[in-house]
Amino acid sequence: MSVSQKLSFEKSVSGRTGVDLGAPDFPSVDAAAALGGLVRTDAPMLPELSELECVRHFTELSRRNFGVDTAFYPLGSCTMKYNPKVNEAIAADPRFTRLHPLAAAPLSQGTLGMLWELGAWLSEMTGMSEFTLSPMAGAHGEMTGIMLIKACMAARGEAQKRDKILVPDSAHGTNPASAALCGYKVVSVQSDEAGLVDMKALDAACNETVAGIMLTNPNTLGLFETNICKIADLVHSRGGLLYYDGANLNAIVGRARPGDMGFDVAHLNLHKTFATPHGGGGPGAGPVGVSRELARFLPVPFIERRDGAFRMSEDRPESIGRIGAFYGNVAVCLKAHAYIAALGAAGLREASAAAVLNANYLRERLKKSYSLAHDRPCMHEFVLSGADLPGELTTMNVAKRLIDYGFHPPTVYFPLIVKDAIMIEPTETETPETLDDFAAAMEAVRREADESPGLLLDAPTSTPVTRLDEAMAAREADFCWRPDED
Ligand SMILES: Cc1ncc(COP(=O)(O)O)c(C=O)c1O
């Protein structure tokens, strides 16, 4: 094993040190007297390295990271776009970061005003009446939104009767999970040939036991639900509400509004549409907007503006209560605020146009090498299928081989309704040159699949480890190093 592949413990040499702390300039304390039986009897097992070895070790590790700052990352549904660094600088400004959450309102006007303004902008962009910024992720927003629907049904005296939430079979897994978490039975609505909600299936499923439907538009196939107004009319006429999963808002921002489509509740993934690096599970923010009817149920606290001054209020008697420790992930909200302020309305329209253009550019080129799930113009993402790959090759083999070409693989095997799905979201921040490079790699992998499939079966060959048991790595993750007995 080369030095660069060793753990810091394996590089350790007894007695080697990287720092000299010098003699302490404070009086020594008798640890045994101070801590009694808690004092350890042997020294901790820590790696002993020189400063240079330590720097090399962590630099080497950091170079193994893959991120948007390194290369193209077309992970469908995840919107792995480039986020301008200026937003990070603004979010790190001590005038925001050093503010205590419980600081008095007169001392917090800047932050409160920024959050209030962001809520107002989101309302304008989505056509919703009011927003809460409390939820800390998309899925957290979904849970909050479904709680709001439940509160509304209870206020209408229909909570017992309406115990179901409809979810299309193309939905992101968090949708049925959020509905189930809130105590609803989940009823799946199938998609039609065109990849859209099947209107007949919806008609059959939507009855007086249904509290609402969760939809994302464009859906997870990257297709715009062209029947959305009919869907809204149908669900509303049967007494249900519409929930908008705004994870895909980046495809329509500045152009179409969920509120105008008939949605009653909407969450937005600020970390997707409005510039925060997204990955590894966070950090995120999933603000929830509602129609006028549902505003009284929104979580507390909320920001009020009175006589030009801002303050936090809990005065909302019918609120579903607190859904987080305080008021959302302020740093992510701040980045979204900075991003929206920088782009303005025209810039946001341009961003959604570029997201859709980039996806269609790649889709048109790649459909010559791979089969396309639905051959019609897409929005910000599209789905190929690896079902017709030759021999024993699968979608997973294509994904692994792309790593050798220096690209992060697209999302695979989701959405579930496309066999062996390969879901590609190029995002608006990529140049035509990068899209061409990626398309060329995908085409080369396809040629290899036909001519030398072994290359795909063995891939990746350029990484420190090759094929891992991914399910086991996720379910039985063990990051502990234990010393040998001797
Ligand atoms: C369509 C869709 N809905 C919901 C979510 C959940 O968002 P989050 O990861 O912020 O919880 C995602 C996340 O990728 C998504 O793609």
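For clarity, every value in this text was computed on a predicted model and none was experimentally measured.

As a further point, take the overall build of the chain. Along its length, the chain carries 17 helices and 13 strands. Reported as C-alpha extents along the three principal axes, the dimensions of the chain are approximately 75 × 70 × 45 Å. Classification of the 486 residues of the chain by burial places 40% in the buried group. Of the contacts made within the chain by residues no fewer than 6 positions apart, 71% connect residues no fewer than 24 positions apart.

Neighbouring residues of the ligand: 15 residues in total, closest Ser77, Gly138, Ala139, His172 and Ala247. Of the residues that constitute the shell around the ligand, the class distribution is four nonpolar, ten polar and one charged.

Judged by pairing direction, the sheet is mixed, and its seven strands sit side by side in the order E1-E7-E6-E5-E4-E2-E3 without closing on themselves. At either end of the open sheet lies a strand with only one pairing partner, and these are strand E1 (130-132) and strand E3 (185-189). Going across the sheet, the axis of each strand differs from the next one's by a mean of 25 degrees, ignoring polarity. The sheet contact formed by strand E4 (residues 210-215) and strand E5 (residues 241-246) spans four bridges and is parallel. Counterpart to Gly212 in the pairing with E5 is Leu241. Seen against the sheet, helix H6 (residues 109-126) touches E1, strand E6 (265-268) and strand E7 (288-290) and runs at an angle of roughly 125 degrees to E1.

Before going further, it helps to spend a moment on the environment of Ser452. Its location among the elements puts Ser452 in the loop between helix H15 (432-451) and helix H16 (454-458). According to the C-beta neighbour criterion, Ser452 is exposed, with 10 such atoms within 10 Å. Separated by 82 residues in sequence, Ser452 and Tyr370 place their C-alpha atoms 17 Å apart.

Let us look at the domain arrangement of the chain. For the chain, the assigned domains are domain 1 (85-342) and domain 2 (354-462). The gap between the C-alpha centroids of domain 1 and domain 2 is 31 Å. The interface is formed by 14 residues belonging to domain 1 together with 13 residues belonging to domain 2.

With 112 residues, the main nonpolar core has Ile149, Leu242, Tyr243, Val265, Cys333, Ala336 and Val383 as its most contacted residues. Residue contributions to this core peak at 15 residues, all from helix H13 (residues 330-366). Counting contributing residues per domain, this core is built from domain 1 (85-342) and domain 2 (354-462), each supplying no fewer than three. The residues touching Ala336, leaving out its near neighbours within four places in the chain, are Leu118, Leu270, Phe274 and Ala275.

With that out of the way, let us pick up H15. With 20 residues, H15 extends 28 Å from end C-alpha to end C-alpha; this agrees with the ideal 28 Å at 1.5 Å per step. If you check which residues of H15 are buried, you get Phe438, Met442, Val445, Arg446 and Ala449. Along H15, the residues classed as buried sweep out an arc of 100 degrees about the axis, all on the same side. Exposed positions of H15 whose direction lies more than 90 degrees from the buried face are Pro432, Glu433, Ala440, Arg447, Asp450 and Glu451. On its buried face, H15 is in contact with H13, helix H14 (395-404) and H16.

Between H14 and H15, whose axes approach to 10 Å, the crossing angle comes to 125 degrees. It follows from the interaxial angle that H14 and H15 lie oblique. Judged by the twist between their axes, the crossing of H14 over H15 is right-handed. Where H14 abuts H15, its residues Val398, Arg401 and Leu402 lie against Ala441, Val445 and Glu448.

Read from one edge of the open sheet, four strands run E10-E11-E13-E12, paired in antiparallel fashion. Across the chains shown, the open sheet's two edge strands, defined by having one partner strand only, are strand E10 (371-372) and strand E12 (411-412). One ladder, built from two bridges, connects E10 with strand E11 (residues 382-385); its direction is antiparallel. Counted as the bridge partner of Ser371 is Ser385 from E11.

An ideal rise of 1.5 Å per residue puts 26 Å on 18 residues; H6 measures up with 25 Å between its terminal C-alpha atoms. Just beyond H6, the residue with positive phi is Gly127, at close to 75 degrees.

What follows deals with the packing of H6 against H13. Interhelical geometry of H6 versus H13 gives an angle of 65 degrees and a closest axis separation of 10 Å. Between H6 and H13 lies a crossing of left-handed hand. Residues Thr111, Met114, Leu115, Glu117, Leu118 and Trp121 of H6 pack against Val330, Cys333, Leu334, Ala336, His337 and Ile340 of H13. Split by residue class, the contact of H6 with H13 holds nine nonpolar, two polar and one charged.

Analysis parameters
- Residues numbered from 1 in each chain as written.
- Predicted model: local features only at pLDDT ≥ 70, side-chain atom pairs only at ≥ 80, totals over all residues.
- Helix = DSSP H or I, 4+ residues; strand = E, 2+ residues; numbered from the N terminus.
- Buried ≥ 20, exposed ≤ 12 C-beta atoms within 10 Å, placed from the backbone.
- Contact = placed C-beta atoms within 7 Å.
- Near = placed C-beta within 6 Å.
- Nonpolar A, V, L, I, M, F, W, Y, C, P; charged D, E, K, R; others polar.
- Pairing = 2+ DSSP bridges.
- Axes fitted to C-alpha atoms, helices over the stretch in contact; angles between N-to-C directions.
- Domains from an automatic or database assignment.
- Core = buried A, V, L, I, M, F, W, Y, C linked by C-beta atoms within 7 Å.
- Expected span 1.5 Å × (residues − 1).
- Arc of directions from axis to C-beta.
- Parallel < 35°, antiparallel > 145°, perpendicular 65-115°, else oblique.
- Left-handed = near helix turned anticlockwise from the far one by under 90°.

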